[in-house]
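Close look at the chain arrangement
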Amino acid sequence: MNIHYIAFNKEISKTEAIEQAVAFAKEASQKLPNQVGVLHIYAEGIIEAKESGLMISQEELQEANHIINR
């Protein structure tokens, strides 16, 4: 997930870039639920958001865990 690219091109903060990247990845994972790479990027985004101090629900963390351990 290249949040720095999103932030640079859209001139938004890192926090906004992470939020946007996770939203894009979630949408992609819903449209392509059998694509392991897409799911991995979504899980990575959730984890990166949590590590960056963003509010991530327990449900999202469990979803990321499920994707990773699939």
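Our subject is the structure listed above.
Description of the structure in this document. Nothing here was measured: the structure is a model prediction, and the numbers come from that model. Each chain has its residues counted from 1, running along the sequence as written. Totals for whole chains, interfaces and linings use all residues, but because this is a predicted model, local features are given only for residues with pLDDT of at least 70 and pairs of side-chain atoms are given and counted only at 80 or more. As a rule here, side-chain values come from all non-hydrogen atoms in the structure, and water together with hydrogens is ignored.

**Some details on the overall build of the protein**
Applied cut-off: To qualify as a helix, a DSSP run of H or I must reach at least 4 residues; to qualify as a strand, a run of E must reach at least 2; elements of each kind are numbered from the N terminus. Here the term buried applies to any residue with accessible area under 20% of the maximum for its type, exposed to any over 50%, and partly exposed to those in between, with areas from a 1.4 Å probe on protein chains only. The contact criterion used is simple: two residues touch if any of their non-hydrogen atoms lie within 4.5 Å.
Helix and strand content of the protein: four helices and zero strands. In the protein, the succession of α and β elements from N to C terminus is α-α-α-α. The buried share of the protein, reckoned over its 70 residues, is 30%. Put simply, 38% of the contacts in the protein that link residues at least 6 apart link residues at least 24 apart.

**A closer look at the nonpolar core**
Filter applied, for reference: By nonpolar core is meant a set of buried Ala, Val, Leu, Ile, Met, Phe, Trp, Tyr and Cys residues that side-chain atoms within 4.5 Å join together.
Judged by nonpolar contacts, Ile18, Val22, Ala25, Leu39, Tyr42, Ala43, Ile46, Ala49, Leu54, Ile56, Ala64 and Ile67 together constitute the single largest core of 12 residues. Breaking this core down by element, the ones donating at least two residues are α2 (14-31), α3 (36-51) and α4 (58-68). Those residues in contact with Ala49 that sit more than four places away from it in its chain are Ile18, Val22, Leu54 and Ile56.

**A look at the environment of Glu19**
Examined against the element boundaries, Glu19 turns out to sit in helix α2. Residue class for Glu19 comes out partly exposed when judged on its relative accessible area of 45%. Placed 30 residues apart in sequence, Glu19 and Ala49 show a C-alpha to C-alpha distance of 7.3 Å.

Purely spatial values, then, with no claim about function.
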